[in-house]
Amino acid sequence: MGNLVYDFLQLVYPRNCTACSKALQKEEHVLCTTCFADLPWFSLGEMERNPAYLVLSSLYDLSIFYAMLRYADQNVSQRMIQSLKYKDDPQVGFLLGQLLGRRCKNKIAKDAVLLAIPLHSTKEKIRGYNQSEEIVKGMQYECLSWQITTTVRRKVNTVTQTKKSRAERWENVADIFEIQDMSELQAKHVVIVDDVITTGSTILSMIKCIMLANPKSIGVVTAASPSKI
Ligand SMILES: [Zn+2]
């Protein structure tokens, strides 16, 4: 595409960086080069201190726990997640999934089944998509042998987590998921995929639920996570 055509399209359909809103160059996608360079990657040492990891790994033997980006006030990672959740921008999820897939490729079984944390159906209808499913699609693009399942559903519509105390949050998420078809998870290497993991309470509830299907292993990956809560 010539620059003139690009400049014209940018006038009609402006493409802007999801994190800083600057107009994107022709070769840039979702994020501008500056914001891409600012992505707050977690180091391995930080992973071992991740609050959700500490809780989950004390209870279960996970095949993998991986949090990719540090989620902090106004950083690139938080802006991306906000665009993904509230600005009707599923492309952000696909990009996060590609980055996640590239980083986890060698740590996840080739025949793994990816499972996005499901939204309640009314929430999904309002948003138009499930943000974690968009991440899953991007991951699979990086490793085509991974399967995707949507066999777990959310039973009840939980009240916004942030308005509750920490103890209430844990109670609130007990038994919120149900499996439609056990055979999609049975004897499989299941990897749970989320956009942001904070306390890990939702993930814990998901693990409890999918244990019922007797999977071969369970792993957890997330695009972002705060380093402390
Ligand atoms: Zn930018």
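All figures in this text were calculated on a predicted structure; none of them were measured in a lab.

Conventions used here
- Residues numbered from 1 in each chain as written.
- Predicted model: local features only at pLDDT ≥ 70, side-chain atom pairs only at ≥ 80, totals over all residues.
- Helix = DSSP H or I, 4+ residues; strand = E, 2+ residues; numbered from the N terminus.
- Rg over C-alpha atoms; globule rule 2.2 N^0.38 Å.
- Buried ≥ 20, exposed ≤ 12 C-beta atoms within 10 Å, placed from the backbone.
- Contact = placed C-beta atoms within 7 Å.
- Domains from an automatic or database assignment.
- Nonpolar A, V, L, I, M, F, W, Y, C, P; charged D, E, K, R; others polar.
- Core = buried A, V, L, I, M, F, W, Y, C linked by C-beta atoms within 7 Å.
- Pairing = 2+ DSSP bridges.
- Axes fitted to C-alpha atoms, helices over the stretch in contact; angles between N-to-C directions.
- Parallel < 35°, antiparallel > 145°, perpendicular 65-115°, else oblique.
- Left-handed = near helix turned anticlockwise from the far one by under 90°.

Caption draft 1: Seen up close, the overall build of the protein. Helix and strand counts for the protein stand at ten helices and seven strands. Taking 229 residues into account, the globule formula puts the C-alpha radius of gyration at 17 Å, and the protein, at 18 Å, falls close to it. When the backbone C-alpha atoms are referred to their principal axes, the protein occupies close to 60 × 40 × 40 Å. For the protein, the residues scored as buried account for 36% of the 229 residues in total. Look at the contacts in the protein between residues 6 or more apart in sequence, and 77% of them connect residues 24 or more apart.

Caption draft 2: Structural view of the domain arrangement of the protein. Assigned domains of the protein: these are domain 1 (1-38) and domain 2 (39-225). Computed over C-alpha atoms, the centres of domain 1 and domain 2 are 29 Å apart. Each side of the interface is counted separately: domain 1 has six residues, and domain 2 has nine residues. When grouped by side-chain class, the residues that make up the side of domain 1 that touches domain 2 number four nonpolar, one polar and one charged.

Caption draft 3: Broad picture of the nonpolar core. If you look at the biggest cluster of nonpolar residues, it comprises 54 residues, and the most contacted ones within it are Leu100, Val191, Ile192 and Val193. The greatest single-element share of this core, amounting to seven residues, is contributed by helix H6 (residues 90-104). For this core, the domains that each give at least three residues are domain 1 (1-38) and domain 2 (39-225). Setting aside residues up to four positions removed in sequence, Val191 forms contacts with Ile64, Ile108, Ala112, Leu114, Leu115, Gly219 and Val221.

Caption draft 4: How the structure looks around the pairing of strand S7 (residues 217-225). A large share of S7 lies buried, amounting to eight of its nine residues. Here strand S1 (residues 65-70) pairs with S7 via five bridges, running parallel. Residue Arg70 lies in a different strand from S7, and its bridge partner there is Ser225. Both strand S6 (residues 189-196) and S7 contribute to a ladder of seven bridges, which runs parallel.

Caption draft 5: Fine view of the sheet that holds S7. Spatially, S1-S7-S6-S2-S3 is the arrangement adopted by the five strands of the open sheet, whose pairing is parallel. Sheet topology places S1 and strand S3 (147-149) at the edges, where each strand pairs with a single neighbour. On average, each strand axis in the sheet is inclined to that of its neighbour by 20 degrees, with strand direction left out of account. Two elements, strand S2 (residues 113-116) and S6, share four bridges in a ladder whose sense is parallel.

Caption draft 6: Spatial organisation of the packing of helix H5 (residues 76-86) against H6. H6 packs onto H5 with a crossing angle of 130 degrees between their chain directions and a minimal axis gap of 7 Å. When the axes of H5 and H6 are compared, the pair comes out oblique. Between H5 and H6 lies a crossing whose hand is left-handed. Counting all contacts with H5, which are made through Met80, Ser83 and Leu84, the residues of H6 involved are Val92, Gly93 and Leu96. Looking at the contact of H5 with H6, its residues break down into four nonpolar, two polar and no charged.

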